[in-house]
Amino acid sequence: MSTSISFLGLGAMGSALATTVLDTGRPASVWNRDPRRAQPFSDRGALVADTVERAVAAGGPIVVCLLDHRSVHDVLDPVGAGLAGRTVINLTTTTPGESRELAGWAAGHGIAFLDGAILAVPEMIGGPGSAIFYSGPEAVFAEHRELLDRWGESIYLSSD
């Protein structure tokens, strides 16, 4: 797969996810509220975007790894209408109820949505022992499996 990936959120875990993908040579765009966190990714070949709109403009799946549920809405709500037909992979730590709410929000905007729970620390991403549980439409999981497997063992749980 050579489709660009957009990474929103470059804390410790978001940076690990983006680095693992960039190490494969796959094109990516990155955005972070504090642009200083995104700048080192320019040297790795990523497009460093100064806005969320620019980060997601390249197309492809959007990987979200932010502080919390509210921050996901703060970042995605302003661009939600323009994401119809796209896939959002949320790896932000949320509760089951928050994940269901985000899935409903995504469906309402015509966005394919996967929610993931990471069972690893950032240093483990892309290596042995890293695992991520996913829920959402099984077809979306299958479509992006090659990407998901780069971060660790990908385990599909269910549509809910």
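All values derive from a computational prediction rather than experimental measurement.

Caption draft 1: Structural view of the sheet that holds strand β7 (residues 131-135). Pairing within the open sheet is mixed, and its 8 strands lie in the order β3-β2-β1-β4-β5-β6-β7-β8. Either end of the sheet is taken by a strand with one partner, and the two such strands are β3 (47-48) and β8 (153-158). Relative to β8, β7 runs parallel, the two being bridged by 5 bridges. If you follow Ser-135 over to β8, its bridge partner there is Ser-158. Along the sheet, helix α5 (residues 96-108) contacts β5 (87-90) and β6 (112-119); its crossing angle with β6, the most-contacted strand, is approximately 155 degrees.

Caption draft 2: The arrangement of the environment of Gly-136 in detail. Examined against the element boundaries, Gly-136 turns out to sit in the loop between β7 and α6 (138-143). For Gly-136, a relative accessible area of 6% corresponds to the buried category. When the C-alpha positions of Gly-136 and Ser-99 are compared, they lie 9.7 Å apart, and in sequence the two are 37 residues distant. Setting aside residues up to four positions removed in sequence, Gly-136 forms contacts with Phe-113, Leu-114, Tyr-156, Ser-158 and Ser-159.

Caption draft 3: Representation of the nonpolar core within the structure. Counting 28 residues, the largest nonpolar core has Phe-7, Leu-17 and Trp-151 as its most contacted members. Secondary structure elements with two or more residues in this core: β1 (5-8), α1 (12-22), β2 (28-31), β7, α6 and α7 (145-151). The contacts of Leu-17, once residues within four sequence positions are left out, are Phe-7, Val-63, Cys-65, Leu-91, Ile-118, Ile-125 and Trp-151. Counting residues in each nonpolar core, the second largest holds 20 residues, with Ala-49, Ala-55, Val-88 and Ile-111 among its members.

Caption draft 4: Highlighting the layout of surface pockets. Here the largest pocket is characterised by a volume of approximately 480 Å³. Every residue lining the largest pocket is counted, 28 residues in all, and those nearest its centre are Thr-94, Ser-99, Asp-115, Gly-116 and Ser-135. In terms of residue count, the dominant contributor to the lining of the largest pocket is β6 (6 residues). Taken together, the residues of the lining of the largest pocket break down into 16 nonpolar, 9 polar and 3 charged.

Caption draft 5: Representation of the pattern of salt bridges within the structure. Tallied over the entire structure, the rule returns 8 salt bridges. A salt bridge links Arg-145 to Asp-149, with the nearest nitrogen and oxygen atoms 3.0 Å apart. Linking Arg-145 with Asp-149, this pair stays in helix α7, spanning 4 residues, or about one helical turn. Using a relative accessible area of 34% as the deciding quantity, one classes Arg-145 as partly exposed. Arg-150 is the salt-bridge partner of Glu-146, the closest N and O atoms lying 2.4 Å from each other. Here the residue Glu-146 and the residue Arg-150 both occupy positions in helix α7, the gap between them amounting to 4 residues, near one helical turn. Owing to a relative accessible area of 30%, Glu-146 belongs among the partly exposed residues under this scheme. Linked through salt bridges whose partners overlap, the residues forming this network are Arg-26, Glu-146 and Arg-150.

Caption draft 6: The arrangement of the side chain of Ser-15 in detail. Within the secondary structure layout, Ser-15 lies in helix α1. Beyond its immediate chain neighbours, meaning those up to four positions away, Ser-15 contacts Leu-10 and Phe-41.

Rules and cut-offs
- Residues numbered from 1 in each chain as written.
- Predicted model: local features only at pLDDT ≥ 70, side-chain atom pairs only at ≥ 80, totals over all residues.
- Heavy atoms only, no water.
- Pairing = 2+ DSSP bridges.
- Helix = DSSP H or I, 4+ residues; strand = E, 2+ residues; numbered from the N terminus.
- Contact = heavy atoms within 4.5 Å.
- Axes fitted to C-alpha atoms, helices over the stretch in contact; angles between N-to-C directions.
- Buried < 20%, exposed > 50% of the residue type's maximum accessible area, 1.4 Å probe, protein only.
- Core = buried A, V, L, I, M, F, W, Y, C linked by side-chain atoms within 4.5 Å.
- 1 Å grid on protein atoms, 1.4 Å probe; cavity = no way out; pocket = protein on both sides within 12 Å on 5 of 7 lines; lining within 4 Å.
- Points joined across faces, edges and corners; volume = space filled by probe spheres on them.
- Nonpolar A, V, L, I, M, F, W, Y, C, P; charged D, E, K, R; others polar.
- Salt bridge = Lys/Arg side-chain N within 4 Å of Asp/Glu carboxyl O.

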